[in-house]
Amino acid sequence: MPNKQPAFEARDLSRSFGHGDRRIKAVDNVSLTIQDQEIVTIVGGSSCGKSVLAKTLLGLIPPTSGELLYRGKPITDQRSHWRDVQPVFQDPFSCFNQFFKIRSQLRSSFGIYKKKPSKDEIEVRVDEGLRAVNIVPSEIEGKYPFELSGGQMQRMLLARVFILRPRVLIADEPTSMVDACVRANILDYLMKLKKELKMTIVFITHDIGLACYVSDRIFIMHAGKIVEGGPPDEITGAPKNQHTIQLLEDVPHLHKEWIAR
Amino acid sequence: MPIFEVNDLHLHYLTRFGAKIHAVAGVSFSMEQGEILGIAGESGCGKSTLVNGLMGLFIPPLYPTSGDVRVGGESLMGRTPKDIRENVLARKVSMIPQGAINALNPTRKIKHLAMDLIKSHEKGGNKNEIQKRLYDRFNLLGLDAERVLNSFPIELTAGERQRSVIGLTTLLDPEMVIADEPTSALDVTTQKAVIKLIFNLLDKKIFSTMIFITHELPLLRHVAHRIAIMYAGQFVELGTAEQVVFDPRHPYTRALMDAMLSAEPGQAKKETKPLEGAPPNLAHPISGCRFAARCPSAKPDCRINEQSLRIVGERQVRCDYAE
Amino acid sequence: MKLFLNLLKTPSFVFGVTLFLATLGVALVLPWFYDVDTVGRAGTPYLPPSAEHLLGTNHLGVDFVSLLITGLRASLYVGLLAGCIATLLGTFLGVYAGYKGGWIDDLINLVTNLFIVIPYFVVLILISASLEEGRSLQLIAVIIGLTTWPWTTRSVRAQAASLKSRDHIGLAKVNGCGTFQIVTLHILPYLLSYVFMVFIIQIAAGILVEASISMIGLGPYDSISLGVLMDDAMKNEALGDGIWWAFIPSTILITAVVFALYTLNTSMEGVFNPRLRK
């Protein structure tokens, strides 16, 4: 059963960068609640602040003002936060250290725990994680990150999540660097994580089409602010905010007219 | 007479360890004046290699194996990169690249980049006249010509940069434009703006014939007249946009269409059928159908018989079992 | 390994390595076969080259081949020591400043810029001149090392700062790595080839700087370096008297060493930097 207590609660959360005239509010007074075991998608154009919001939830970037609660408590210790909350980043190639073998890097993700599982258990869990993303462990044995394809690398990042089994996953544009086929694959793995591991997922993307496919709720972000939120069918069926309407219009649909010529 | 003809083009490149990768293996098509052809396929299918081949630009490690590319009847094969750069690029065939940031020399203003381009292709010419031409063209692109032309690339937004790149690549009114994933790095709003800009140029007859390369089939359906689906260095299906998108016949095209997700009500219930596996390794000879290993409806003889493009109901499909 | 094979395929690298190994051989291996004597008078002053003394004798009548071997050794030693100090110090400060950012970065930057602005050659001359008595070869190497590090810091800092925002650092953090682990495992390996190239340049710079100070008479009192030999030749009017063997061989040696090191550096740049690999 999902926990009654929400996973994340943000109240008037802001984050700005720079000083003086060049001060930019990347996240501007955002308030949102993310329930336990829910897939929430944050959709917005480039530089709307969605990635900064993701990194704030992850605890990598501290907010400048406002309150952020994880399961009712503020994030004080990053390490204990990361035992519960883990990310998938956008560019799989820049995510792994190219000087170490991929398997040893997957193994080292257990470094976040105070008490590591035994060596044998780690191996078993790495194998399980790899199989969960349809990779035969021998396929990557002895290989370095640059020896794998983009699709394989993106799945390595997901394998990490299957291995660590955090309670919350923050997926920051995991689909923007891969093509359509792999994209559908990744979304299926996100669904699998939710179904099998009861994970709460915050999914960041600029493609509202993907959002509709996986999410329980969608938030539309524009210029640092959340402008609209709700279930997918409500957002696509009866959008209220002009930015949402704009976003929906700009996506090339298969059936609807897109640009008049 | 077709303006652009590609005849059984085979291209390969050499890896540093001497292996030959046959990235393009037998691509043929022809285009009439005013046509837009879309080419789609996943990464690693040979799209980018094909682009270089279509311009006749062979810089090691890329080499032509066989076949011919003709623009307005003139062959581009067997010519030096210098010759191609001076006499073909920008005037006959022009390319809109993917990353606008890397395409512009960061140390020069847009104005100077444009001047360089004109001067290197046109002898003489009045400076004021060229200047006026530049302003007219950039105004036509919907850009603030005065500001953009006097800016360094870094001072422009991503959208402005991509527009400027398009402005520069079409400055000499090329006969043929190849757009290599021009919108893949952009968000949907900027993407739409760029496509509008390209349509605007087409309407104004700045250029009329275009090859548009992307992996977004929904986008191609709105942009292209005909669509070619590429897999492992070959076209597997070539038909009108409507035919390919709404009634795909090749199993690979079907798989691509099944993987497409769009923002329409009711999408949440849609079942996607992700395509597992990876394209074949092009360093080794492949027997039989190149898609057989991943094909959901592969028959035993698919792995033995090489497939050739055949006509199936007004379109070309590379599958013996397509109906 | 692949990288090394690629290096061996680069002609300029092979040339640089061969030349550098040859000079190393002259400095380290040749003394086993050649009776090196830099004290005893082998003949009258300024004997021209002959079968007995291949490169003649100096103003005191000491065999020149012996002097060159010893001088080359001292020069290489100075270069290596100065290069080590400058590279280690510069890399440490650069990586730390680049990764940490904030006020630490500002402070290190300030110090670096100060050192870059002050003409280090003048500092060197002042220090050398004030240390009239105890100016040993080692001390000069240390001084050179301590004054040439800012360039290393600057370039390494920029590289480290650009690595900092890469996702693999973020992933290392959520994997539970501390600052020390991140710097040693996730930043330094990426900079290693770069640091190595900087190291080679620093060695060459150390050799040249030592030669320049020695030539104006502020060299070590306890050793003979190639710079000292040139200084001697100058002081004793070898130039005016046309005694070419007093300065031409040492000049050629120093040029050869530095040229070999610079060639090595540029050839490696071609292999390490994938953009230049084509």
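Shown above is the structure to which this text applies.
How each quantity is defined
- Residues numbered from 1 in each chain as written.
- Chains lettered and ligands numbered in written order.
- Predicted model: local features only at pLDDT ≥ 70, side-chain atom pairs only at ≥ 80, totals over all residues.
- Contact = placed C-beta atoms within 7 Å.
- Helix = DSSP H or I, 4+ residues; strand = E, 2+ residues; numbered from the N terminus.
- Nonpolar A, V, L, I, M, F, W, Y, C, P; charged D, E, K, R; others polar.
- Pairing = 2+ DSSP bridges.
- Buried ≥ 20, exposed ≤ 12 C-beta atoms within 10 Å, placed from the backbone.
- Core = buried A, V, L, I, M, F, W, Y, C linked by C-beta atoms within 7 Å.
- Axes fitted to C-alpha atoms, helices over the stretch in contact; angles between N-to-C directions.
- Parallel < 35°, antiparallel > 145°, perpendicular 65-115°, else oblique.
- Left-handed = near helix turned anticlockwise from the far one by under 90°.

Engineer: Explain the interface of chain A and chain C here, please?
Structural biologist: Think of interface size as the accessible area that goes away when the parts come together; that is how it is often given. With 16 residues of chain A at the contact, the number on the chain C side is twelve residues. Counting only elements with at least two residues in the side of chain A that touches chain C, the list comes to helix 2 (78-84) and strand 6 (85-88) of chain A. For the side of chain A that touches chain C, a count of residues per class yields eight nonpolar, six polar and two charged.

Engineer: What's the story with the pairing of strand 1 (residues 8-17) of chain A in this structure? I'm lost.
Structural biologist: Residues and elements named next belong to chain A. In the sheet, strand 1 pairs with strand 4 (residues 65-70) via five bridges, with the strands oriented antiparallel. Counted as the bridge partner of Ala-10 is Leu-68 from strand 4. Of the strand pairs in this sheet, strand 1 and strand 2 (residues 24-34) are connected by seven bridges, and their pairing is antiparallel. Residue Ala-10 lies in a different strand from strand 2, and its bridge partner there is Leu-32. Connecting the antiparallel pair strand 1 and strand 2 is a turn made up of six residues, with Gly-18 showing a positive phi of about 80°.

Engineer: Before we go on, may I ask you to explain helix 10 (residues 226-235) of chain C in this structure?
Structural biologist: Each turn of an α-helix holds 3.6 residues, which means side chains three or four residues apart point in the same direction. Most of helix 10 of chain C is tucked away: eight of the ten residues are buried. Taken together, the buried positions of helix 10 of chain C are Leu226(C), Gly227(C), Val228(C), Leu229(C), Met230(C), Asp231(C), Asp232(C) and Ala233(C).

Engineer: Looking at this model, I keep getting lost on the interface of chain A and chain B. Mind explaining?
Structural biologist: With 35 residues of chain A at the contact, the number on the chain B side is 33 residues. Those elements that place two or more of their residues in the side of chain A that touches chain B are helix 6 (150-164), helix 7 (180-197), helix 8 (208-214), helix 9 (232-237) and helix 10 (242-250) of chain A. Ranked by residues supplied to the side of chain A that touches chain B, first place goes to helix 7 of chain A with six residues. By residue class, the composition of the side of chain A that touches chain B is 15 nonpolar, 13 polar and seven charged.

Engineer: What is the right way to look at the nonpolar core in this model?
Structural biologist: One finds Leu190(A), Val202(A) and Ile229(B) to be the most contacted residues of the largest nonpolar core, which totals 228 residues. Tallying contributions element by element places helix 4 (residues 64-100) of chain C first for this core, with 15 residues. Setting aside residues up to four positions removed in sequence, Leu190(A) forms contacts with Ile39(A), Ala171(A), Ile201(A), Phe203(A) and Val214(A).

Engineer: Just checking my understanding: could you explain the sheet that holds strand 6 of chain A for this structure?
Structural biologist: Two modes of strand pairing occur in sheets, parallel and antiparallel, and in both the strands are linked by backbone hydrogen bonds. All names here are of chain A. Strands sit in the order 6-7-8-3-9-10 across an open sheet of six strands; the sheet is mixed. Pairing within the sheet leaves two strands with one partner each, and these edge strands are strand 6 and strand 10 (225-230). On average, adjacent strands in this sheet sit at an angle of 20° to one another, irrespective of strand direction. Relative to strand 10, strand 9 (residues 217-222) runs antiparallel, the two sharing five bridges. Bridging from a neighbouring strand, Met-221 pairs with Ile-226 of strand 10. Across the sheet, helix 10 touches strand 3 (39-43), strand 9 and strand 10, and the angle it forms with strand 9 is around 100°.

Engineer: I keep staring at the pairing of strand 3 of chain A and nothing clicks. Help me out?
Structural biologist: Where a strand is regular, its side chains alternate between the two sheet faces. All names here are of chain A. Of all five residues in strand 3, five are buried, a share of seventy percent or more. The alternating pattern of strand 3 places Ile-39, Thr-41 and Val-43 on one face and Val-40 and Ile-42 on the opposite face, and all of these are buried. Of the pairings in the sheet, the one linking strand 3 to strand 8 (residues 200-205) comprises five bridges and is parallel in character. Within strand 8, the residue paired with Thr-41 across the bridge is Phe-203. When strand 3 meets strand 9, the two strands line up parallel, connected through four bridges. From the neighbouring strand, Val-40 faces strand 9, where its bridge partner is Arg-217.

Engineer: Please clarify how the packing of helix 7 (residues 158-169) of chain B against helix 8 (residues 188-203) of chain B should be interpreted in this entry.
Structural biologist: In a packed pair of helices, the relevant descriptors are the angle between the two axes and the axis-to-axis distance. All names here are of chain B. In the contact formed by helix 7 and helix 8, the axes pass within 10 Å of each other and the chain directions differ by 20°. Put simply, helix 7 runs roughly parallel to helix 8. Handedness of the crossing formed by helix 7 with helix 8: right-handed. Counted together, Ala-158, Gly-159, Gln-162, Arg-163 and Ile-166 of helix 7 and Thr-190, Ala-193, Val-194, Leu-197 and Ile-198 of helix 8 form the full contact between these two elements. Per-class residue counts for the contact of helix 7 with helix 8 are six nonpolar, three polar and one charged.

Engineer: Help me out: how do you make sense of the sheet that holds strand 2 of chain A in this one?
Structural biologist: Residue and element names in this part refer to chain A. The strand order across the open sheet built from four strands is 2-1-4-5, with neighbouring strands paired in antiparallel fashion. The outermost strands of the open sheet, each flanked by one partner alone, are strand 2 and strand 5 (73-74). Contacting strand 1, strand 2 and strand 4, helix 1 (residues 50-58) crosses the sheet at an angle of about 60° to strand 2.

Engineer: What exactly am I supposed to notice about the arrangement of the chains here?
Structural biologist: Contact analysis covers two pairs of chains in contact, and the most contacts occur between chains A and B. At no point do chain B and chain C touch; the closest pair of C-alpha atoms across them sits 8 Å apart.

Engineer: Honestly, the packing of helix 2 (residues 11-28) of chain C against helix 4 of chain C in this entry has me stumped. Any pointers?
Structural biologist: Residue and element names in this part refer to chain C. Interhelical geometry of helix 2 versus helix 4 gives an angle of 120° and a closest axis separation of 8 Å. Judged by the angle between their axes, helix 2 and helix 4 are oblique. Viewed along their axes, helix 2 and helix 4 form a crossing whose handedness is left-handed. Contacts between helix 2 and helix 4 involve Thr-23, Val-26 and Ala-27 on the former and, on the latter, Ile-69, Leu-72, Arg-73 and Leu-76. Among the residues making up the contact of helix 2 with helix 4, the classes are represented as five nonpolar, one polar and one charged.

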